[in-house]
Amino acid sequence: MKKIAYSFFALSLLVTTSCKKEFFDINDSPNSPTEASITPNLLLPRTLTITASRTGTSFDYAAFWMGYWSRSGSYGQSIEIESYNITTGFQTGQWTGWYDILNDINLMEKKAKAAGSPFYEAAAKTLKANGFMYLVDQYNNVPYSKAFDIQGNILPGYDKGEDIYADLFVQLDAAAKLFASSTADPIAVTSDIMFHGDVTKWRKFVNTLRLKLLIHESQVVSAAARAAVIAQINADGSGYLGAGETAAVNPGYAVSDGQQNPYYNTYKVTALGILDSYNRANNYILNTYKANNDIRYTRVFSAAAIPLTPADTYRGTNFGETLPNSDPYRANNQSDVAGPGLAVSPTQSQPVITSVESLFLQAEAIQRGWITGTAQTAYEAAIRESYAYLGASATDANTYIARPNVALNATGDPIKQIAYQKYLSLIGLSNFEAYVDYRRLGVPSDPAIISLSGSRNGLNIPLRLLYPQSEYNNNSANVVGQGTINAQTSAIFWDK
Amino acid sequence: MKKILLACLCLLVTLTAQVYAQNRTVTGTVTAKEDGLPIPGVTVKVKNGSAATQTGPDGKYSLSAPENAVLVFTFIGYSPLERAAGSGNLNVSLESSSRQLGEVVITAPLGIQRQKRDIGYAATTVPNEVINAGNAVNLANGLQGKVSGLNITTTNSGVFENVKINLRGIRSLTGNNNPLLLLDGVQSDLNYLSSINPNDIENVTVLKGSAGAAIYGSDARNGVLVVTTKKGSRDGKPIITVSNATQFQNISFFPKFQEQFGLGGGGNSFNTIGGYTSTENWSWGPRYDGKYIQIGPDYRANGIDLDNQFVPYENTNDRKKFYNTGSVIQNDISYAEKNVFISLQDANVNGIVPDDKNRRTGIRVNATREYGRFKIGVNTNYIQQNYNIFDQEGMSDFNSSQNIGLNQGLMNLLFNTAGYIPLTRYKDFENDPYSQYNNYYTDYGLNPYFAIDNWRKQGKKTDLIANLNMEFKVADWMTLNYRAGLTQQNVTERRTSRGETPSEFGVNIRNFGPLASNLEERSFNLERLSSEVFANFNKQLTEDFKLTGVLGSYLRQDNGRDTRVGAVSLVVPDLFNIGQRTGNLTGSSAGRKIRQFAYYGSAGLSYKNWASIEVTGRNEQTSLLSPETNSFFYPGVNASVVLSDALPFLKTNDVLSYLKIRGGWNKTANADITPYQLAPTFTQGAGYPYGSLPGYSANDALTNPLLKPESIENTEFGFEAGFLKNRISLEATYFRQNNTDQIVPVNTVVETGYTTYTLNAASFVNKGVEMDLGLTPLVDLGPVRINFKANATYNTNKVTSLYPGLDQVSQGGYTYAANYAIIGSPAYVIRATDYLRDPATGKVIVNAQTGAPSPDPTTKVFGNTLPKWIVGLNPTIRYKGLSVSALFEYKGGYMAYSDIGNAMAWTGVSELSAINSREKFVFPNSTYLVNGAYVPNTSVTLTNPETFFTGTARSVASNYLIDASSWRFRELSIGYDIPASLLSKQRVIRSINVALSARNLALWLPKSNMYTDPDFQFSAAAASFGNNTTGVTSGNTAGISNSSINPPVRTFGGSVTITF
């Protein structure tokens, strides 16, 4: 008995004390990959899909403010959007959403650089410039040079919007050169869900983006700085995205929950059959189209599911208006914003920059004398491209272009005319670009786009977003250093 | 009752009774003076002799004693009595006292019994009777308010009664401040507290400081709850106990609602009160007028064969009536004999949420056996819980997919229901047409009865807790022990949504979308295996010196997996099989494994049984940290002196009967992080993989790979004193904990690339005083005795340093109000947004035209979120077999944020939203700018209360901050033992006890608190892994409540216990 007991205790002591180092070496995650197994080709697809879905579906607020869309009769007012009295909780997803993608892009750039794969490095630089453009255009000064360095800058300082813009041109030129030097990577053909490894198309995208940035700062950019960028674009020589060359992403959208085209899924119907019953045509733009006999309203808006009268096939609502409950028009009696020209199918590609937008950018640059070409031709080509993109006929496009008020010089201010036609063409394609042009050039200038909300109290369309509350909570000194931000008066640097 | 408890304590220090055959036999019965009932387990000893015995269960004894011998009767809790043994029969009655304070036995680390007088740190033992005074279903609730320094808060009132436990405030900023649960000597998950049958408990010892960590390791840094279950009957004879406890629960506090306005909205600067809308969810409509009014849509006009609904336009109380009276019916049967304890329990819980049910069935078998010098014991406990509850997460997932904000939980559906809506009329949503999905009165919310039926969570949770103890007595002064423990938890759960396809009327007229029919199957298992071997020394070196010591090693592995598979869209409604779906499967199968190994030792020296000192040390190694930092050592020392024995002049003092002083210092280190945290990970983005295309994204959390363990240095001093023959006892401890290298997941801004960065980021000092006062008796009127006990804890802490470059660290909460650690302030303080104010006067700046204030995005510190003071008052009255015990509790000196205030203002149902009857008003204490100077505002009115409360006010969290202080009548129990004389004619039933009990009877709150019982706080679910449906939550988001928790409840009921 005694012997058994002693040997038992001795054995258990031995077992429990003979722990080797390997015994504790069980802390590598069996659940998720870590940095070592992540290569740039695993990061590129998701950064592209999110960039595209953010561009296409996160700028409802701009669509509301620009007179494109409005709230259906089935919903009560959305206070901040309709009163313009925005808070630090308004649209915080813009900040977190873009920085989240940018972090992945930043990692992809570092990994590509370390692995010596110029294609991914160039793609990263390009997408990074695109992301920071959206941040600057909504917040002006944001963390840029101090971002994505948590060890060195746990409380990242802010860079001036104009300095960020200046560096984006440097990065984009580097990207163009890297693309020029790289050859198509066989893996990139599948992971590059935008251009399938076609570096020429990427270079066109880079050039279009450079032009877009220049146009955004059209009111403030110095001639020298602008000429330098144009020279870089010309040196690259690939040109811009042309007719039919929309830069769009398709990872393999499918009719399955979470896998549909984001525009279709958000504004038409989800894979689970839930219809969008919030966003509806804004009477302002609907009536504008109708007044000009512009058939595109039947392409960007759907016919009401249940028109209450034959005249109500296409019916919108007035932005900010609170109607009594007795008003019979509900979401089903109004036109949704996923018309047949925009929401073709749940598996369609999702644009990042459309050919329509590219052609309008070029038209304005020609009109401004920045690049060569005939403004009239470029302007008309852009309108035709809009019709073509939306599936409207070329005949209708020609009829429309022939209207006296559509002529380039109809108002005596061709730049504003280009911007106004751009405004009528970008609905649903780039709601945000319209908001940029509104702030930059004051187009559309019609006071009818202003909210009818009773709680507006005289406020105007905000010039920017407020920094999110998370900055005041967790990066307080830096955000407070930006001064008191007033959404009504604190303009983006290019908004002069 | 008390005697049995004391008897059990006594058994733990049982002296071996040896009876010498002497001249003659003395027999008799020992009874208690107060009630005349027999006392079992009393030691009867011949003075200056060796003969001794103990009384049996009937209080009888029999002892051979020399002639003229004097017998000494001693029993813990009673004054010793000396009587000359006359002829044959000697009956005595003992008077209870707490004179023998120093003899109280404490279950010290490793389950070793120690006399309290030897221990240099604060420890309290709570016996079964005290725990079960209020018939709590959950052991933690049974401990509430009974131990100084122990802060137990019930965080929710569902069928699982989640609780949060803190001892002496907090030591970790990161979240886990839970004490260690030591179940029959085996380290177990604290969640088991909710599974154990409280009636199986012999006693619970609470080791308050981190002294236990010296032996148990880092998990014991927050204190230890040593739970000992019953091992056998006290006197070796078979005992069968049968009991039934039936309790009811109802709502004890409901938020304050406005009772003036009905459905509608759209108030503006011209008409401050909005128009009526019969299908609204907002209560921003016209004032009640008592006339009949329509609710819901026009049915017939839209082709539905139903009359329109008309109800009186006046307030009802239906929202509160939505909740049921809950019930708990507990049946227990147990069998105990010398070496065996067997119990069965069946508890049937019906929650206050309609249809919420949980049935807990458990069986316990504890057995011990001695073979000479070898002793073996096995404890096994198997518990099965079958529950069927409303799946709150299912509903909020649906709401967020619909972009419906502010819909955290069930309460929110009530906030979307106006006061005059006859809510309870919509119970029968299957047959009553007005209650059905398509016809429910509002366009913007679900019928809550429909919602709780649609989203269900059904599960089975089984727990197996088994341990094996072996003890071998090598010599009188040394034993070898081996202890193996197994705890295994399995949860199989299904979450379902029945779904609904709207009718043509629903789609076309009301714009209702389909509700997906879906399913998630979950299988979770977690097992912990531990193996411990130690030697225990106890040697009397000389007559004066005694050496005690322990040397041992401990090895543990946790292994678990959480597998979830789901289908987001089922083809046939109600056919819940993931095979019958459209679209892809969803799911994950995360696993984890953690290993820990430690060796430890302690050595104690005691002198003349009045002075002792003990040193301890432990080295721990864990798989959670990198090899560079994963091994750490921590030492400790504690000492105590019983001055009343040491100092001659105190020995004879009439006033001071007992005085012990004690002190301790120890260090603990720990790394309480989840495994695999050191390397940043990546996840497939939403929608990925698309076919064969993968797409990854970096996760938002980053951890310093060279994380060090955090360290706690604990110092405590205390005394235990008894006055006037221990009629008054007083115990107090001062403690100070210096917590350094705190591992904190710092909330960072997204542009750093991560939203949390886990670092050794903070240091703070936690200190306080805990006090226990006992007056036994307070009043002694012969048969009536009134005792009084009180305990109080004062606790505060202060952050001393943070990670370089940071001056504050945020830790959970909401965007506009969150918990922060800020240098120089207590952890935590609430920082919240406020109105823009004139810095000179502090007045709220309003717009000179609209009279409306604006939010200031720069948050301000408003106060701390952990109570500074906790006081418990516990009077008891005894008269013969009747005992009455009450418990009052105060918590104060802290504040809380009620997010439901915000949610209720948004829908216009809160009392606050009806301020000034919704007419224009001058914002209180406001000012506005005139020509560059602020002038007091006396005339500019805020034109539109609706826009204000549904707009600006929502981003100003200071509106919903409340003083969280409370006084409550925590517990009342009335017990009655059927007098022995009534039972004396039969031999089957030994005793019958009948008890009535109630918990949370009354609550007194400050005026500012219109929202909830501050004990009921929101605790975010921990990591998704093992995210339990039940049990103790570790979240540190103190002082936050929202609508995902049910309203607080009070409990009342009765029990009958029969012992055979």
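Residues numbered from 1 in each chain as written. Chains lettered and ligands numbered in written order. Predicted model: local features only at pLDDT ≥ 70, side-chain atom pairs only at ≥ 80, totals over all residues. Heavy atoms only, no water.

Novice: Please give an account of the overall build of chain B that cites residues and values.
Specialist: The number of helices and strands found in chain B is 14 helices and 55 strands. Whereas a compact globule of 1060 residues would reach a radius of gyration of roughly 31 Å, chain B reaches 32 Å, a difference of no more than 12%. Projecting the C-alpha coordinates of chain B onto the three principal axes gives extents of approximately 105 × 70 × 65 Å. Within chain B, the proportion of its 1060 residues that are buried is 59%. (Helix = DSSP H or I, 4+ residues; strand = E, 2+ residues; numbered from the N terminus. Rg over C-alpha atoms; globule rule 2.2 N^0.38 Å. Buried < 20%, exposed > 50% of the residue type's maximum accessible area, 1.4 Å probe, protein only.)

Novice: Describe the overall build of chain A, with residues and values.
Specialist: Helix and strand content of chain A: 20 helices and 4 strands. By its C-alpha atoms, chain A is 110 × 60 × 45 Å across when sized along the principal axes. A buried classification covers 60% of the 496 residues belonging to chain A. In chain A, the proportion of contacts linking residues at least 24 apart, taken out of those at least 6 apart, comes to 77%. (Contact = heavy atoms within 4.5 Å.)

Novice: Explain the pattern of salt bridges to me, and be specific about the residues and the numbers.
Specialist: Oppositely charged side chains are able to pair whenever their charged atoms sit close together. All names here are of chain A. Considering all chains together, one arrives at 58 salt bridges over all chains under this definition. Its salt-bridge partner being aspartate 437, residue arginine 440 comes within 2.8 Å of it at the nearest N-O pair. A residue pair is termed a helical-turn pair when its members lie 3 or 4 positions apart in one helix, as arginine 440 and aspartate 437 do in helix 18 (residues 431-441) at 3 residues. An identical accessibility class is assigned to arginine 440 and aspartate 437; each is buried. Overlapping salt bridges bring together Lys212, Glu357, Glu364, Arg368, Lys422, Glu433, Asp437 and Arg440 as one network. (Salt bridge = Lys/Arg side-chain N within 4 Å of Asp/Glu carboxyl O.)

Novice: Residues and numbers for the sheet that holds strand 4 (residues 60-65) of chain B, please.
Specialist: All names here are of chain B. The strand order 4-1-7 describes an open sheet built from 3 strands, whose pairing is mixed. Each edge of the open sheet is held by one strand with a lone partner, namely strand 4 and strand 7 (92-94). Within this sheet the neighbouring strands show an average axis-to-axis angle of 35°, counted without direction. Strand direction decides the pairing type here: strand 1 (residues 24-32) and strand 7, joined by 3 bridges, are parallel. Bridge pairing links threonine 31 to serine 93 in strand 7. (Pairing = 2+ DSSP bridges. Axes fitted to C-alpha atoms, helices over the stretch in contact; angles between N-to-C directions.)

Novice: Before we move on, could you go through the nonpolar core and cite the residues and values that matter?
Specialist: Counting 151 residues, the largest nonpolar core has A:Trp65, A:Trp69, A:Phe132, A:Phe205 and A:Phe301 as its most contacted members. Ranked by the residues each element gives to this core, the list is headed by helix 6 (residues 118-139) of chain A, at 13 residues. Other than its neighbours up to four places away in sequence, A:Phe205 contacts A:Thr126, A:Met194, A:Phe195, A:Leu241, A:Ala247, A:Val352 and A:Ile353. With 78 residues, the next largest nonpolar core counts B:Met411, B:Trp455, B:Val940 and B:Ala964 among its residues. (Core = buried A, V, L, I, M, F, W, Y, C linked by side-chain atoms within 4.5 Å.)

Novice: Tell me about the packing of aromatic side chains, residues and numbers included.
Specialist: Tallied over the full model, the rule gives 76 aromatic pairs over all chains. A ring pair is formed by A:Phe64 and A:Tyr278, whose centres lie 6.1 Å apart and whose planes are at 70°; its orientation type is edge-to-face. Taken together, the residues span a long stretch of sequence, with A:Phe64 in helix 3 (residues 60-65) and A:Tyr278 in the loop between helix 11 (262-267) and strand 3 (279-281) at a distance of 214 residues. Each of the two residues, A:Phe64 as well as A:Tyr278, counts as buried. Measuring from ring centre to ring centre gives 5.8 Å for A:Trp65 and A:Phe90, while their planes differ by 20°; the resulting arrangement is stacked. Note that A:Trp65 is positioned in helix 3 and A:Phe90 in the loop between helix 4 (79-83) and helix 5 (92-115), a separation of 25 residues in sequence. For the pair shown, A:Trp65 and A:Phe90 are each scored as buried. Among the aromatic residues, those joined into a ring-pair cluster are A:Phe59, A:Tyr61, A:Trp65, A:Tyr84, A:Phe90, A:Trp98, A:Tyr134, A:Phe432 and A:Tyr435. Directly above the ring of A:Tyr467 sits A:Arg464, whose terminal nitrogen or CZ lies 4.7 Å from the centroid. B:Arg954 extends its terminal NZ or CZ atom over the ring of B:Trp906, reaching a point 4.4 Å from the ring centre. (Phe/Tyr/Trp six-rings, centres within 6.5 Å; stacked < 30°, edge-to-face > 60°. Lys NZ or Arg CZ within 6 Å of the ring centre and 35° of its normal.)

Novice: Just give me the short version of a nonpolar patch on the surface, but keep the residues and values in it.
Specialist: Residues and elements named next belong to chain B. A surface patch of nonpolar side chains, about 560 Å² in accessible area, is lined by Ile240, Val242, Ile333, Ile342, Leu344, Ile363, Val365 and Tyr382. Of all elements in the fold, only strand 17 (239-251), strand 23 (340-350) and strand 24 (357-371) reach the threshold of two or more residues within the nonpolar patch. Tracing the backbone shows leucine 344 in strand 23. Residue classification places leucine 344 among the partly exposed positions, given a relative accessible area of 42%. (Patch = residues over 30% accessible without salt bridge, like charges linked within 9 Å, V, L, I, M, F, W, Y side chains within 5 Å. Areas by Shrake-Rupley, 256 points an atom, 1.4 Å probe, with all protein chains shown as cover.)

Novice: Talk me through the interface of chain B and chain A; I want residue IDs and the actual numbers.
Specialist: At the junction of the two partners, chain B supplies 97 residues and chain A supplies 86 residues. A combined buried area of about 7,500 Å² lies between chain B and chain A, and 62% of that area is made up of carbon and sulfur atoms. Among the residues of chain B in contact with chain A, B:Phe682, B:Tyr690 and B:Glu751 are the three that bury the most area, contributing 10% of the side total. Where chain B packs against chain A, one counts 1 salt bridge. Across the salt bridge formed by B:Asp443 and A:Arg330, the nearest N and O atoms sit 3.0 Å from each other. There are 32 residue pairs in polar contact (both at pLDDT 80 or more) connecting chain B and chain A. The dominant element in the side of chain B that touches chain A, judged by the number of residues it contributes, is strand 30 (residues 585-607) of chain B, at 8 residues. (Buried area = accessible area lost by both parts, 1.4 Å probe. Polar contact = N/O pair within 3.5 Å; in protein donor to acceptor, adjacent residues only side chain to side chain.)

Novice: Run through helix 17 (residues 414-425) of chain A, naming residues and quoting values.
Specialist: Side chains that are three or four residues apart share a direction in an α-helix, a result of its 3.6 residues per turn. All names here are of chain A. Between its first and last C-alpha, helix 17 extends 16 Å over 12 residues, near the 16 Å set by a 1.5 Å rise per residue. Burial runs high along helix 17: 10 of the 12 residues are buried. Looking only at helix 17, the buried set comprises Pro414, Ile415, Gln417, Ile418, Ala419, Gln421, Lys422, Tyr423, Leu424 and Ser425. Lining the buried residues of helix 17 we find helix 12 (283-291), helix 14 (355-367), helix 15 (375-389), helix 16 (394-401) and helix 18. (Expected span 1.5 Å × (residues − 1).)

Novice: Let's hear about the environment of B:Ala214: which residues, and what values?
Specialist: Residue and element names in this part refer to chain B. Topologically, alanine 214 is positioned in helix 4 (residues 213-216). Put simply, alanine 214 and glutamate 770 are 556 residues apart on the chain and 22 Å apart in space, counted from C-alpha to C-alpha. Excluding residues that lie within four positions of it along the chain, alanine 214 makes contacts with Tyr600, Thr616, Gly617 and Arg618.

Novice: Tell me about the sheet that holds strand 50 (residues 933-936) of chain B, and name the residues and values.
Specialist: All names here are of chain B. On the basis of which strands lie adjacent, the open sheet formed by 3 strands has the order 44-49-50 and mixed pairing. With one partner strand each, in any of the chains shown, strand 44 (844-845) and strand 50 form the two edges of the open sheet. Both strand 44 and strand 49 (residues 926-930) contribute to a ladder of 2 bridges, which runs parallel. Of the residues in strand 49, the one forming a bridge with valine 844 is serine 926.

Novice: For the environment of A:Leu107, give the residues involved together with the corresponding values.
Specialist: Residue placement: A:Leu107 occurs in helix 5. Note: C-alpha distance between A:Leu107 and A:Gln260 (153 residues apart in sequence) is 27 Å. Setting aside its immediate chain neighbours within four residues, A:Leu107 contacts A:Glu35, A:Leu43, B:Phe682 and B:Ala698.

Novice: Describe unusual backbone geometry, and please don't skip the residues or the numbers.
Specialist: The omega torsion of the bond from B:Tyr688 to B:Pro689 falls at -5°, within 30 degrees of zero and hence cis. With respect to the secondary-structure elements, B:Pro689 resides in the loop between strand 34 (682-684) and strand 35 (696-698). Across the junction of B:Ala827 and B:Tyr828, the peptide omega takes the value -5°, indicating a cis bond. Along the polypeptide, B:Tyr828 turns up in the loop between strand 42 (817-822) and strand 43 (829-835). One non-glycine residue, A:Gln91, lies in the positive phi region at around 55°. Tracing the sequence through the fold places A:Gln91 in the loop between helix 4 and helix 5. Judged by its relative accessible area of 24%, A:Gln91 falls in the partly exposed class. One non-glycine residue with positive phi stands out, namely B:Asn609, at about 60°. Checked against the element boundaries, B:Asn609 lands in the loop between strand 30 and strand 31 (611-622).

Novice: Now, about the packing of helix 6 of chain A against helix 18 of chain A: what can you tell me, with residues and values included?
Specialist: All names here are of chain A. Running from amino to carboxyl end, helix 6 crosses helix 18 at an angle of 45°, the nearest separation of the two axes being 11 Å. The angle between helix 6 and helix 18 falls in the class oblique. Taken as a pair, helix 6 and helix 18 cross one another with a handedness that is left-handed. Counted together, Tyr134, Asp137 and Gln138 of helix 6 and Phe432, Val436 and Arg439 of helix 18 form the full contact between these two elements. Its residues assigned to classes, the contact of helix 6 with helix 18 shows 3 nonpolar, 1 polar and 2 charged. (Parallel < 35°, antiparallel > 145°, perpendicular 65-115°, else oblique. Left-handed = near helix turned anticlockwise from the far one by under 90°. Nonpolar A, V, L, I, M, F, W, Y, C, P; charged D, E, K, R; others polar.)

Function cannot be read off these values alone, since they describe shape.
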